[in-house]
Amino acid sequence: VISEIMAVNRHGLQDEDGDYSDWIELYNTRPYDISIGGWYLTDQSSMPTQWTFPAVTIPAHGYLVVFADMKNRTNDLTRLHVNFSLDEGGEFLGLYRNDLVQEFALDPYPPQSADVGYGFASFGNEQMLPVTLKTAGRYLVPTNAAMLATNWNFQSFNDAVWPPGTNGFGFDTVADYQSLY
């Protein structure tokens, strides 16, 4: 149902406490909303029920960010925090449905660096490689909102007219963008 764990990142996103915490991003590739209440996230393959999602829904083609900082919070559905953190050296990361069927797992995800996200995808039986520093892609630096198609972040979007490049790709909404290189 959830076809991708889109990204894991160490210390790259500020939470509501002002802390820069590890995070996991889930992406719903389906054209309909998915309720994941009662599902589980874990960093221990031997303990699939380590952290339980509250009654939360990921909208069609939508994302859900979960902080991995050991704060264990489920009261605010827009600011979820699991009871584990991401291991810098890489480790198991699994998403399990409420019937304990493994929806997705990375074993292990790649070693983590601060402020560097890694994307992963799984579609049926096809396993895709992580998005790493030298991964090829396409980019656009829009100078106004009209240049960016409303569906640019959908899997079905055709980016063939965008220039090619190699990763680190990302996006930002501030005017003072600074390159990492």
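See the structure above.
Residues numbered from 1 in each chain as written. Predicted model: local features only at pLDDT ≥ 70, side-chain atom pairs only at ≥ 80, totals over all residues. Heavy atoms only, no water.

(A) Main features of the overall build of the chain. For the chain, the helix and strand inventory stands at zero helices and 15 strands. Sequence separation of 24 or more characterises 54% of the internal contacts of the chain that already satisfy a separation of 6 or more. As presented, the chain carries roughly 10,500 Å² of accessible surface, and 52% of it is formed by carbon and sulfur atoms. (Helix = DSSP H or I, 4+ residues; strand = E, 2+ residues; numbered from the N terminus. Contact = heavy atoms within 4.5 Å. Areas by Shrake-Rupley, 256 points an atom, 1.4 Å probe, with all protein chains shown as cover.)

(B) Seen up close, the environment of Pro 108. Within the secondary structure, Pro 108 sits in the loop between β10 (102-106) and β11 (117-119). Separated by 16 residues in sequence, Pro 108 and Phe 92 place their C-alpha atoms 4.7 Å apart.

(C) Representation of the pattern of salt bridges within the structure. Considering all chains together, one arrives at eight salt bridges under this definition. Salt bridges linked by common partners bring Asp 15, Glu 16, Asp 17, Asp 19, Lys 71 and Arg 73 together as one network. (Salt bridge = Lys/Arg side-chain N within 4 Å of Asp/Glu carboxyl O.)

(D) Molecular detail of the side chain of Asp 69. Its place among the elements puts Asp 69 in the loop between β7 (63-67) and β8 (80-81). A polar contact is formed between the side chain of Asp 69 and the side chain of Ser 21, at a distance of 3.3 Å. Discounting residues that sit within four places of it in the chain, Asp 69 has contacts with Asp 15, Ser 21, His 81, Val 82, Phe 84 and Ser 85. (Polar contact = N/O pair within 3.5 Å; in protein donor to acceptor, adjacent residues only side chain to side chain.)

(E) Representation of the packing of aromatic side chains. Tallied over the full model, the rule gives two aromatic pairs. Note on Trp 51 and Phe 53: the rings are 4.9 Å apart at their centroids and 75° apart in plane angle, and the pair reads as edge-to-face. Neither Trp 51 nor Phe 53 differs from the other in exposure class; each is buried. (Phe/Tyr/Trp six-rings, centres within 6.5 Å; stacked < 30°, edge-to-face > 60°. Buried < 20%, exposed > 50% of the residue type's maximum accessible area, 1.4 Å probe, protein only.)

(F) Representation of the nonpolar core within the structure. Ile 24, Ile 36, Leu 41, Trp 51, Phe 53, Leu 64 and Val 66 are the most contacted members of the largest nonpolar core, which has 22 residues in total. When near neighbours in sequence (up to four residues on either side) are disregarded, Phe 53 contacts Leu 26, Ile 36, Gly 37, Gly 38, Trp 39, Tyr 40, Leu 41, Leu 64, Val 66, Leu 80 and Leu 95. (Core = buried A, V, L, I, M, F, W, Y, C linked by side-chain atoms within 4.5 Å.)

(G) Quick look at the environment of Val 56. Turning to its location among the elements, Val 56 is positioned in the loop between β5 (51-52) and β6 (57-58). Expressed as a C-alpha distance, the spacing of Val 56 and Leu 80, which sit 24 residues apart in the sequence, is 9.8 Å. What Val 56 contacts, discounting residues up to four positions off in sequence, is Ile 34, Ser 35, Ile 36, Gly 37, Leu 64, Leu 77 and Leu 80.

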